[in-house]
Amino acid sequence: MNNYILPAEWHRQEAVIITWPHEDTDWRDYLDEITATMVQMAKAIAKHERLIIAAQYPERLIAKLDSKLNADEMLNVGIYRIDNDDTWARDHGFITLLPENGSGKRKLLDFRFNGWGEKFAAEKDNEINANLFEQGAIAGEYEDNLDFVLEGGSIESDGKGTVFTTSQCLLAPNRNQPMDKEQIEVELKKRLHAERVVWLDYGNLIGDDTDGHIDTIVRVCPDDTLLYIKCDDKDDEQYADFKKLEDQLKTLRTIDGKPYKLVALPFTKAISYDGERLPATYANFLIINDAVIVPTYNQEEADRKAMDTIAKVFPDREIIGIGAGVIIRQHGSIHCLTMQVPV
């Protein structure tokens, strides 16, 4: 039998999946703003690869995109009529495995999404993968993993057998209890064909509904590099937690026993909306073919530093900054809204 791997995000991609917001979601109060941001994202992605969109109202969306994207970009867009509760494709989307030897079908793993531990309605979102597959949006071997709760934003892969995750998320209530850490690790290795799991124990952003997804704090990058957000402000209420995260990262070793290259991203100044601090983070970037889409937060110095830092780690890719100020009002950012489908 073929063995399978969970590829790194910088593996060549066939497509990116997004789920479009509409007035029946929590975006209703600023739907025009989030729609404008999503159009920017759609244009950036479709310039480089295929874009798959699950949409409650596809006719409206076709008209909207047709007026904003050029003909070549529109040819890269596929829109599918699918009901949805919300828009976080990273967490309800397929997690895709590839055959290690390059032959055979990719596996489309459909895990259970339950609104980050039953915090929010998720029944429609949990059916998006099956609907996309049935409509022919994605080819591969569908694999039912709906007996196990796992969100794409809670894991990172180096493409070489190591999966990174956070204990605060995977051990949070209403995920996979009564399984304990050791049992969950066994399931991750089996289902994701991983050789090992690296657990991070610190770095939970205030305002993060996910209980500490890894894609908000640490990202795995080429050449055994870990990009992470670093808090330098000792007066920030999150300083101590993120100092512990940095200290833990320094102790990590690759599967070959070598230390990782650690590259720090800036911490944003506190951003609040309706009296609550929002989980703004530069770690929530999206890697696509020949480009990286980076969230920005109208903080000129930090935005520039974040983009320059990511450019050094991905020197052969275009760096595209997109304002994510409206996205974080619903406690996520650019990576959270997307899920890649590797070639």
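Here is a short report on the structure shown in this document. (Residues numbered from 1 in each chain as written. Predicted model: local features only at pLDDT ≥ 70, side-chain atom pairs only at ≥ 80, totals over all residues. Heavy atoms only, no water.)

### Quick word on the sheet that holds strand β7 (residues 141-149)
One key point about sheets: their strands pair by backbone hydrogen bonds, in either a parallel or an antiparallel sense. Taken in spatial order, the 4 strands of this open sheet run β1-β5-β6-β7, and their pairing is mixed. Two strands bound the open sheet, and with one partner strand each, they are β1 (4-5) and β7. Across 2 bridges, the pairing between β1 and strand β5 (residues 95-99) is antiparallel. Within β5, the position partnered with Ile-5 by the bridge is Leu-98. On the sheet, helix α8 (residues 181-192) packs against β5, β6 (107-112) and β7 and is oriented at approximately 175° with respect to β7. (Pairing = 2+ DSSP bridges. Helix = DSSP H or I, 4+ residues; strand = E, 2+ residues; numbered from the N terminus. Contact = heavy atoms within 4.5 Å. Axes fitted to C-alpha atoms, helices over the stretch in contact; angles between N-to-C directions.)

### Some points on the packing of aromatic side chains
Scanning the model with the defined rule gives 12 aromatic pairs in all. An angle of 40° between the planes, with centres 5.5 Å apart, marks the rings of Phe-133 and Tyr-142 as tilted. Owing to a relative accessible area of 27%, Tyr-142 belongs among the partly exposed residues under this scheme. Considering the side-chain rings of Phe-164 and Tyr-260, the 5.8 Å spacing of their centres and the 70° angle between planes classify their relative orientation as edge-to-face. With Phe-164 in strand β9 (residues 162-166) and Tyr-260 in the loop between α9 (239-251) and β13 (261-266), this pair connects stretches of sequence that are 96 residues apart. (Phe/Tyr/Trp six-rings, centres within 6.5 Å; stacked < 30°, edge-to-face > 60°. Buried < 20%, exposed > 50% of the residue type's maximum accessible area, 1.4 Å probe, protein only.)

### Points about empty space enclosed by the protein
Applying the stated criterion across every chain, the model contains 7 cavities of 30 Å³ or more. Considering the residues around the largest cavity, the lining is formed by 15 residues, among which Leu-6, Pro-7, Arg-90, Ile-155 and Gln-340 are closest to the centre. Put simply, the parts of the chain that give the lining of the largest cavity at least two residues each are β5, β8 (155-157) and β19 (338-342). Per-class residue counts for the lining of the largest cavity are 7 nonpolar, 5 polar and 3 charged. Estimated volume of the second largest cavity: approximately 100 Å³. In this structure, the second largest cavity is lined by 16 residues; those nearest its centre are Asp-208, Thr-210, His-331, Gly-332 and Cys-336. Looking at the lining of the second largest cavity residue by residue, the class counts come to 4 nonpolar, 9 polar and 3 charged. (1 Å grid on protein atoms, 1.4 Å probe; cavity = no way out; pocket = protein on both sides within 12 Å on 5 of 7 lines; lining within 4 Å. Points joined across faces, edges and corners; volume = space filled by probe spheres on them. Nonpolar A, V, L, I, M, F, W, Y, C, P; charged D, E, K, R; others polar.)

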